[in-house]
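Topology and contacts: notes
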Amino acid sequence: MATLVFHPVRVNWFHLRWSRWRQLHQARAEWSHYRRRGDLVRHPGYSMIRQNKIH
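Fair warning: this is a prediction, and the values are worked out from it, not measured in the lab.

About the cut-offs
- Residues numbered from 1 in each chain as written.
- Predicted model: local features only at pLDDT ≥ 70, side-chain atom pairs only at ≥ 80, totals over all residues.
- Heavy atoms only, no water.
- Helix = DSSP H or I, 4+ residues; strand = E, 2+ residues; numbered from the N terminus.
- Buried < 20%, exposed > 50% of the residue type's maximum accessible area, 1.4 Å probe, protein only.
- Phe/Tyr/Trp six-rings, centres within 6.5 Å; stacked < 30°, edge-to-face > 60°.
- Patch = residues over 30% accessible without salt bridge, like charges linked within 9 Å, V, L, I, M, F, W, Y side chains within 5 Å.
- Areas by Shrake-Rupley, 256 points an atom, 1.4 Å probe, with all protein chains shown as cover.
- Salt bridge = Lys/Arg side-chain N within 4 Å of Asp/Glu carboxyl O.
- Expected span 1.5 Å × (residues − 1).

Further remarks concern the overall build of the protein chain. Each helix and strand counted, the protein chain has 2 helices and 0 strands in total. Looking at the protein chain as a whole, 7% of its 55 residues qualify as buried.

Here it is in structure tokens:
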């Protein structure tokens, strides 16, 4: 008779933190790239950022 062994999945917090940091880093790098070129209007998220800006 076979026995089924169940191992609960553990959350890999390091991987989750690293992934989030990388996403934020890439977003900042992309924003800086367009800003350095003086071309923020062409940034893909520019219109979304401008629409949601709090005055």
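The structure having been displayed, the exposition proceeds.
This model, assessed by the stated rule, comprises 1 aromatic pair. For the pair Trp18 and Trp21, a centre-to-centre distance of 5.2 Å together with 25° between the ring planes defines the contact as stacked. Of this pair, Trp18 and Trp21 both sit in helix α1 (residues 13-36), 3 residues apart, roughly one helical turn.

This next bit is on a nonpolar patch on the surface. A grouping of Val11, Trp13 and Leu16 is seen on the molecular surface, where their side chains present a nonpolar patch of about 330 Å² in accessible area. Following the sequence through the fold, Val11 ends up in the segment before α1. Residue Val11 is classed as partly exposed on the basis of its relative accessible area of 48%.

With that settled, the discussion passes to α1. Taking 1.5 Å as the rise per residue, α1 with 24 residues should run 34 Å; its terminal C-alpha atoms sit 34 Å apart, in good agreement. Gly38 sits one or two residues past α1 and shows a positive phi near 70°.

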